[in-house]
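# Structural overview
Each chain is listed here by its residues.
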Amino acid sequence: MNVTQQTTKTVQQAIDERRSIRRFQPEPIPQADLVEILRQAGEAPSAWNVQPWRYIVVTDPETKALLQEAAYGQGQVTSAPAVILVTSDMEDVMAHPEETVHPGMGEEGKARMKATLEGAFGKQSVEQRGQWGLTQTNIGLGFLMLAAQGMGYSSVPMLGFDQAKVRQILGLPEHVLFAAMLPIGKAAEEGHSKFRHPLAKIVSWR
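This text gives an overview of the structure that appears in the document. (Residues numbered from 1 in each chain as written. Predicted model: local features only at pLDDT ≥ 70, side-chain atom pairs only at ≥ 80, totals over all residues. Heavy atoms only, no water.)

### Some words on the nonpolar core
Ranked by internal contacts, the top residues of the largest apolar core, which has 20 residues, are I37, L144, Y153 and I184. At the level of secondary structure, the elements contributing two or more residues to this core comprise helix 2 (31-41), strand 2 (82-88), helix 7 (126-150) and strand 4 (177-185). Per element, the largest residue contribution to this core is six residues, and it comes from helix 7. Leave out the neighbours within four places in its chain, and L144 touches I37, L38, A41, Y55, I84, V86 and L182. (Core = buried A, V, L, I, M, F, W, Y, C linked by side-chain atoms within 4.5 Å. Buried < 20%, exposed > 50% of the residue type's maximum accessible area, 1.4 Å probe, protein only. Helix = DSSP H or I, 4+ residues; strand = E, 2+ residues; numbered from the N terminus. Contact = heavy atoms within 4.5 Å.)

Next up, the structure:
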């Protein structure tokens, strides 16, 4: 599967050029490009390597129309050729702790990881460990947006949607949490210019 031939941006270029885009060109994103973007997003770090992020890629027009309705009619959901639901599933992590262990660590490593996760999260409620997993998934969301930008695609992270409706549309269990709904595609607008706090506002030196 070959990725579309195009100039890949540097990390600095992707960061500096990223804008939240709400109007997209209608051309579909090649499957190979989506796979590569998701592969890069999967390189994100997470504590204990739990990797709780789960990405649901929606390209079906009827499903996107339902998602748009759940997102209070926001046009970017159907304007984009693909919408990625960035979700977190700590219950899947807890059910399969061995999947987070490097193959080189063998059965002993799998047993240690199971004990570690049980010790850290076993006494927590589903909601508590779900919220912890969501903090890790937000790291994956950042990687996902930069990966898309680096390959020439734009996106806009959204939390303005009815999560219960989206769970119903996609058939997701209650414990799955949302980091964002991410419309993605080639930009059909420039987007707003950035305004960010100066470093003096957000950085302190000790």
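### Section: the environment of S79
Its location among the elements puts S79 in helix 4 (residues 76-79). When the C-alpha atoms of S79 and E91 are compared, they prove to be 33 Å apart, with 12 residues separating the residues in sequence. The contacts of S79, once residues within four sequence positions are left out, are R22, R23, F24 and Q25. A polar atom in the side chain of S79 sits 2.8 Å from the backbone nitrogen of F24. (Polar contact = N/O pair within 3.5 Å; in protein donor to acceptor, adjacent residues only side chain to side chain.)

### Points about the sheet that holds strand 2
With respect to topology, four strands assemble into an open sheet ordered 1-2-4-3, the strand pairing being antiparallel. With one partner strand each, in any of the chains shown, strand 1 (53-58) and strand 3 (154-155) form the two edges of the open sheet. Helix-sheet contacts for helix 2 involve strand 1, strand 2 and strand 4, and the interaxial angle to strand 1 is about 165 degrees. In the packing of helix 7 onto the sheet, the strands contacted are strand 1, strand 2, strand 3 and strand 4, and the crossing angle to strand 4 comes to about 10 degrees. (Pairing = 2+ DSSP bridges. Axes fitted to C-alpha atoms, helices over the stretch in contact; angles between N-to-C directions.)

### Description of the pairing of strand 4
Counting buried positions along strand 4 gives nine out of nine residues, so the element sits mostly inside the fold. Sheet analysis places strand 3 next to strand 4, joined by two bridges and oriented antiparallel. The residue of strand 4 that forms the bridge with S155 is I184.

### Side note on the pattern of salt bridges
A full pass over the atoms with the stated rule returns nine salt bridges. E36 is the partner of R39 in a salt bridge, and the nearest nitrogen-oxygen pair spans 2.9 Å. With R39 and E36 both in helix 2 and three residues apart, the pair spans about one turn of that helix. R39 sits in the partly exposed class, given a relative accessible area of 45%. In this structure E36 comes out as buried when scored by relative accessible area, which is 18%. For R39, the salt bridge goes to E43, with nearest N and O atoms at 3.9 Å. On the basis of relative accessibility, which here comes to 55%, the residue E43 falls in the exposed class. When salt bridges that share partners are traced, they join E36, R39 and E43 into one network. (Salt bridge = Lys/Arg side-chain N within 4 Å of Asp/Glu carboxyl O.)

### What to know about helix 7
The end-to-end C-alpha separation of helix 7 is 35 Å, in line with the 36 Å expected for 25 residues at 1.5 Å each. A positive phi of about 95 degrees marks G152, the residue just after helix 7. (Expected span 1.5 Å × (residues − 1).)

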